[in-house]
Amino acid sequence: MTREMEIEILMEDRCTKSEAEKHLKNGTIIFDDFEENFDKYMEEWKYLAEDEEEYTKMVEGYKKMIKTGIPVTDWGVVKKDGKTYYIMYVL
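Remember, predicted model here, so these are calculated numbers, not experimental data. (Residues numbered from 1 in each chain as written. Predicted model: local features only at pLDDT ≥ 70, side-chain atom pairs only at ≥ 80, totals over all residues. Heavy atoms only, no water.)

(A) Focus on the sheet that holds strand β3 (residues 83-88). Ordered by their spatial adjacency, 3 strands build an open sheet running β1-β3-β2, and the pairing between neighbours is antiparallel. In this open sheet, the two strands that pair with only one neighbour each are β1 (29-31) and β2 (75-80). Within this sheet the neighbouring strands show an average axis-to-axis angle of 25°, counted without direction. (Pairing = 2+ DSSP bridges. Helix = DSSP H or I, 4+ residues; strand = E, 2+ residues; numbered from the N terminus. Axes fitted to C-alpha atoms, helices over the stretch in contact; angles between N-to-C directions.)

Set out below in structure tokens:
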């Protein structure tokens, strides 16, 4: 994905162009394969949870985000040109 496309997606999530550029500079990630590789991402991020209960809650939160289109904290969801993009903001 090009930088220009990433900026467009962030602007669809109510960022100005300068805010979008700042988010990208700070490490914000835009996923175009989050749903397709969900299990892989959850396995990679398992270390973020302190225990199995917290991990289960984390996974359920992301599943709900996919199902409803309502982002979890510090995330964004953008539908553009028939594709859904998931944005993990780094603040």
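(B) How the structure looks around the side chain of H23. Positionally, H23 belongs in helix α2 (residues 17-25). Its relative accessible area of 18% is what places H23 among the buried residues. If we ignore the near neighbours within four places in the chain, the residues touching H23 are L10, C15, T28, Y89, V90 and L91. (Buried < 20%, exposed > 50% of the residue type's maximum accessible area, 1.4 Å probe, protein only. Contact = heavy atoms within 4.5 Å.)

(C) Examining the packing of aromatic side chains more closely. One pass over the full model with this rule turns up 14 aromatic pairs. Taken together, a centroid distance of 5.8 Å and an interplanar angle of 75° make the contact between F34 and Y62 edge-to-face. Taken together, the residues span a long stretch of sequence, with F34 in the loop between β1 and α3 (38-44) and Y62 in helix α4 (residues 52-68) at a distance of 28 residues. Judged by its relative accessible area of 11%, Y62 is buried. Here the aromatic residues F31, F34, F38, Y41, W45, Y62, W75 and Y86 are joined through ring pairs into a cluster of three or more. The ring of Y55 has K46 sitting right over it, with the charged end atom 4.9 Å from the ring centre. (Phe/Tyr/Trp six-rings, centres within 6.5 Å; stacked < 30°, edge-to-face > 60°. Lys NZ or Arg CZ within 6 Å of the ring centre and 35° of its normal.)

(D) Local environment of unusual backbone geometry. The phi dihedral of D74 falls on the positive side, at around 65°, and the residue is not glycine. Note that D74 resides in the loop between α4 and β2. Note on D74: relative accessible area 41%, which makes it partly exposed.

Spatial relationships are all this shows, so hold off on functional conclusions.
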